[in-house]
Amino acid sequence: MATTPSSTPSSHAIRQYATTTGNLTARIALHGYGTNSQDWFSWLAERLPLTGDVLEVGAGTGRLWTRIDHRERGLRLMLSDFSPAMCEQLRTIPEGRVVRCDAVALPFPEASFDTLIANHMLYHLDDPASALRGFARVLRTGGRLAVAANGRGHLDELKAIGSAIGRREPRLALGMNDFSAETGPAYLARDFADIAVERYHCDLELPDADPILAYLNSLADEPLTAPQRSAAQAFVRAHADVSGVYHVRKHTVLITASLSTASR
Ligand SMILES: C[S@@+](CC[C@H](N)C(=O)[O-])C[C@H]1O[C@@H](n2cnc3c(N)ncnc32)[C@H](O)[C@@H]1O
């Protein structure tokens, strides 16, 4: 199992992810209140163009691989993340190889993989275009790229709570660069062909403020104060519908592309 030192993760990513899986786990939990009966990871698993040698970059806790049996499908799975905490968790996935590395400096030879997955991670990078060039380098000709990103309006009602209680973290942390559902296709078009976008239709219906408080805390350097918690609870009550549900819009897409001979 090779280990490579990280070089340029953003300071935000280091604060959020380097020493703990807890912030990511808290945020994934919020999406358990989704209106689509098929959760994101299952939906994604059905659509990923998976063959042969598969690399997931910024694989986090490896949740995707609880929805895909890579061994049954004969895939050779390589998982990577810059975070030591995430890599420790990834090493519990049977027969997955784990390499700790920065997504903008992948330590793999040219044309090593048939599929590369970047699920909700490109918006963490200071230079997504440079990461995409590296993704093209390690993919084989005809190889497939699958990127998940968020778009306009995503979690706006959650960011509104942050603003209402004087915490700017949600607004900053959910838009760290300009890579999004809207800009993603043009970014990919520099190195890839056959670009397709599909939206995952799902919003959130939150029964009370607790999952929101957990989410806001997961983004913050300092936990919310007692007055901020009370203000968030009051905001949610004031903006809930008649049945007490607070609605939050999501906007998430899967963007797929291929590496053509021309793009090499
Ligand atoms: C929002 S999480 C998504 C994790 C996983 N793909 C999922 O969907 O559950 C973003 C992940 O990207 C990783 N990450 C952020 N910047 C990175 C970088 N420069 N190189 C490698 N991984 C990075 C973080 O450690 C984190 O695990």
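Everything numeric here is computed off the predicted structure, so don't read it as measured data.

Just checking my understanding: could you explain the nonpolar core for this structure?
Taken as a class, soluble globular proteins show a tendency for nonpolar side chains to be buried jointly. Leu122 and Phe135 are the most contacted members of the largest nonpolar core, which has 33 residues in total. Counting only elements with at least two residues in this core, the list comes to β1 (53–57), β4 (113–119), α5 (128–138), β5 (139–150), α8 (184–189) and β9 (252–258). Element by element, the count of residues in this core is highest for α5, at six residues. When residues no more than four places from it in sequence are discounted, the contact partners of Leu122 are Pro128, Ala131, Leu132, Phe135, Val147, Asn177 and Phe179.

Got a minute to help me understand the packing of helix α2 (residues 22–30) against helix α9 (residues 210–219) in this structure?
A pair of packed helices can be characterised by two numbers: the angle between their axes and the separation between those axes. Close contact between α2 and α9 brings their axes to 9 Å; oriented N to C, the two are set at 150 degrees. As judged from the angle between their axes, α2 and α9 are roughly antiparallel. For the element pair α2 and α9, the recorded crossing hand is left-handed. Residues Asn23, Ala26, Arg27 and Leu30 of α2 pack against Pro211, Ile212, Ala214, Tyr215, Ser218 and Leu219 of α9. Taken together, the residues of the contact of α2 with α9 sort by class into seven nonpolar, two polar and one charged.

So what exactly am I meant to see when it comes to the environment of Gly153 here?
In this fold, Gly153 is placed in the loop between β5 and α6 (156–164). Exposure remark for Gly153: the relative accessible area of 14% places this residue in the buried category. Sequence separation of Gly153 and Val248 is 95 residues, and the distance between their C-alpha atoms is 9.4 Å.

I'm lost on helix α3 (residues 40–47) in this one. Help?
Helical geometry: 3.6 residues make up each α-helical turn, so side chains three or four residues apart lie on a common side. Within the span of α3, buried status applies to Trp40, Phe41, Trp43, Leu44 and Ala45. Those residues of α3 that are buried are in contact with α2, β4, β5, β6 (193–200) and β9. By the N-cap criterion, in which a side-chain oxygen at the helix start approaches the backbone nitrogen of a residue two or three places on, α3 is capped by Asp39, the distance to Phe41 being 3.0 Å.

What exactly am I supposed to notice about the site of the ligand here?
Not every one of the 22 residues close to the ligand is listed here, only the nearest: Gly58, Asp81, Ala103, Asn119 and Leu125. Side-chain polar atom of Asp81 to an oxygen atom of the ligand: 2.6 Å apart, as the coordinates give it. A distance of 2.8 Å separates a nitrogen atom of the ligand from a polar backbone atom of Ala103. Alone, the ligand offers 590 Å² of accessible surface; in the complex the protein occludes 97% of this. For the shell around the ligand, the secondary structure elements donating two or more residues are α1 (11–17) and α2. Partitioning the shell around the ligand into residue classes produces 13 nonpolar, six polar and three charged.

Would you mind going over unusual backbone geometry with me for this structure?
Trans is the prevailing form of peptide bonds, just as negative phi is the prevailing case for residues other than glycine. Not every positive phi belongs to a glycine, and Ala111 is a case in point at roughly 55 degrees. On the secondary structure map, Ala111 appears in the loop between β3 (96–100) and β4. By relative accessible area, which is 31% here, Ala111 ends up partly exposed. Even without being a glycine, His120 presents a positive backbone phi close to 55 degrees. Position of His120 relative to the elements: it lies in the loop between β4 and α5.

Calculation notes
Residues numbered from 1 in each chain as written. Predicted model: local features only at pLDDT ≥ 70, side-chain atom pairs only at ≥ 80, totals over all residues. Heavy atoms only, no water. Core = buried A, V, L, I, M, F, W, Y, C linked by side-chain atoms within 4.5 Å. Buried < 20%, exposed > 50% of the residue type's maximum accessible area, 1.4 Å probe, protein only. Helix = DSSP H or I, 4+ residues; strand = E, 2+ residues; numbered from the N terminus. Contact = heavy atoms within 4.5 Å. Axes fitted to C-alpha atoms, helices over the stretch in contact; angles between N-to-C directions. Parallel < 35°, antiparallel > 145°, perpendicular 65-115°, else oblique. Left-handed = near helix turned anticlockwise from the far one by under 90°. Nonpolar A, V, L, I, M, F, W, Y, C, P; charged D, E, K, R; others polar. Polar contact = N/O pair within 3.5 Å; in protein donor to acceptor, adjacent residues only side chain to side chain. Near = heavy atom within 4 Å. Areas by Shrake-Rupley, 256 points an atom, 1.4 Å probe, with all protein chains shown as cover.

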